[in-house]
Amino acid sequence: MAFTLRSVKVPPNSASLEEARHRVFDFFRAACRSLPTVMEIYNLHDVATVSQLRSTVASEIRKNSHVTNPKVIDMLLFKAMEELGNIAEHAKQRHHIIGQYVVGRQGLVQDVGTKDQGISNFLKNFYNTNY
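All values reported here derive from a predicted model rather than from experimental measurement.

Q: What should I look at first to understand unusual backbone geometry in this one?
A: The phi torsion of most residues other than glycine is negative, and most of the peptide bonds are trans. Even without glycine at this site, Asn43 takes up a positive phi of about 55 degrees. By the secondary structure assignment, Asn43 is in the loop between α2 (17–42) and α3 (50–62). With a phi close to 65 degrees, His90 is a non-glycine residue in the positive phi region. Residue placement: His90 occurs in the loop between α4 (70–88) and α5 (94–103).

Below, the structure written as structure tokens:
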């Protein structure tokens, strides 16, 4: 799979916003097609499903849905293709993939209800803002 992803190149500039939008959709399709291979490479079957990773890829793309400049979209698309190429070529380790795409930006979900019973409100606010 890594060899097929190497052949995909981003042209220098999109002529219009619509063309850049179609390139993003093509990238999303390519990323979704590579997810089963990524699951095999990094042995992620015990921590995530293909649909969870697909929704993570979709949310990463949606984070930049407000961008309307085709040159900026092309730059973001190039970075995304580079990231997907690095993942497919096994340039990252398993814990990198789990930390970035399985656990996500919000971190591990922890049960803090039982631990914080004897802590003051000041410390609760301090812990919430610094972690």
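Q: Got a minute to help me understand α4 in this structure?
A: Since the α-helix turns once every 3.6 residues, residues separated by three or four places project in the same direction. With 19 residues, α4 should reach 27 Å at 1.5 Å per residue; the first-to-last C-alpha distance of 26 Å fits that figure. Considered for burial, the residues of α4 that qualify are Pro70, Ile73, Asp74, Leu77, Met81, Leu84, Gly85, Ile87 and Ala88. Looking down the long axis of α4, one finds its buried residues gathered within 155 degrees of arc, a one-sided arrangement. Here α4 starts with a cap whose side-chain oxygen sits 3.2 Å from the backbone nitrogen of Lys71, and that cap is Asn69. At the C-terminal side of α4, His90 shows a positive phi close to 65 degrees.

Q: Looking at this structure, how should I read the nonpolar core?
A: Generally speaking, a soluble globular protein has its nonpolar side chains buried in company with each other. Listed in full, the eleven residues of the largest apolar core are Leu35, Val38, Met39, Tyr42, Leu44, Ala48, Leu53, Ile87, Ile97, Ile98 and Tyr101. Counting only elements with at least two residues in this core, the list comes to α2 and α5. Tyr42 has contacts with Asn86, Ile87, His90, Ala91, Lys92, Gln93, Arg94 and Ile97, leaving out every residue within four places of it along the chain. Among the nonpolar cores identified, the runner-up in size contains ten residues, and Ala31, Val57, Val67 and Leu84 belong to it.

Q: Looking at this structure, how should I read the packing of α2 against α4?
A: Between two packed helices, what matters for the description is the angle formed by their axes and the separation of those axes. It is the contact of α2 with α4, at a shortest axis distance of 10 Å, that shows an interaxial angle of 15 degrees. Taken together, the axis directions place α2 and α4 in an arrangement best described as roughly parallel. Handedness of the α2/α4 crossing: left-handed. Of the residues in α4, those in contact with Leu17, Ala20, Arg23, Val24, Phe27, Ala31, Ser34, Val38, Ile41 and Tyr42 of α2 are Pro70, Ile73, Asp74, Leu77, Ala80, Met81, Leu84, Asn86, Ile87 and Ala88. Taken together, the residues of the contact of α2 with α4 break down into 16 nonpolar, two polar and two charged.

Q: Honestly, α3 in this entry has me stumped. Any pointers?
A: For α3, with 13 residues, the first-to-last C-alpha span of 18 Å sits near the 18 Å given by 1.5 Å per residue. If you follow the buried residues of α3, they end up packed against α2 and α5.

Q: Teacher, can you tell me more about the pattern of salt bridges here?
A: Should their charged atoms come close, side chains of opposite charge can pair. This structure, assessed with the given rule, holds seven salt bridges. Note that Arg23 and Glu19 form a salt bridge whose closest N and O atoms lie 2.5 Å from each other. Pair noted here: Arg23 and Glu19 are both in helix α2, with a separation of four residues, about one helical turn. As a salt-bridge pair, Asp46 and Arg94 come within 2.8 Å of each other at their nearest N and O atoms. Of this pair, Asp46 sits in the loop between α2 and α3 while Arg94 sits in helix α5, and the two are 48 residues apart along the sequence. Where salt bridges share partners, they join Glu19, Arg23 and Asp74 into one cluster.

Q: Would you mind showing me how to read the packing of α2 against α3 here?
A: Look at α2 against α3: their axes get within 10 Å of each other, and the N-to-C directions meet at 150 degrees. What the angle tells us is that α2 and α3 run roughly antiparallel. Here α2 runs over α3; the crossing is right-handed. Counting all contacts with α2, which are made through Val24, Phe27, Phe28, Ala31, Cys32, Leu35 and Met39, the residues of α3 involved are Val50, Leu53, Arg54, Val57, Ala58 and Ile61. Broken down by class, the residue content of the contact of α2 with α3 amounts to twelve nonpolar, no polar and one charged.

Conventions used here
Residues numbered from 1 in each chain as written. Predicted model: local features only at pLDDT ≥ 70, side-chain atom pairs only at ≥ 80, totals over all residues. Heavy atoms only, no water. Helix = DSSP H or I, 4+ residues; strand = E, 2+ residues; numbered from the N terminus. Expected span 1.5 Å × (residues − 1). Buried < 20%, exposed > 50% of the residue type's maximum accessible area, 1.4 Å probe, protein only. Arc of directions from axis to C-beta. Polar contact = N/O pair within 3.5 Å; in protein donor to acceptor, adjacent residues only side chain to side chain. Core = buried A, V, L, I, M, F, W, Y, C linked by side-chain atoms within 4.5 Å. Contact = heavy atoms within 4.5 Å. Axes fitted to C-alpha atoms, helices over the stretch in contact; angles between N-to-C directions. Parallel < 35°, antiparallel > 145°, perpendicular 65-115°, else oblique. Left-handed = near helix turned anticlockwise from the far one by under 90°. Nonpolar A, V, L, I, M, F, W, Y, C, P; charged D, E, K, R; others polar. Salt bridge = Lys/Arg side-chain N within 4 Å of Asp/Glu carboxyl O.

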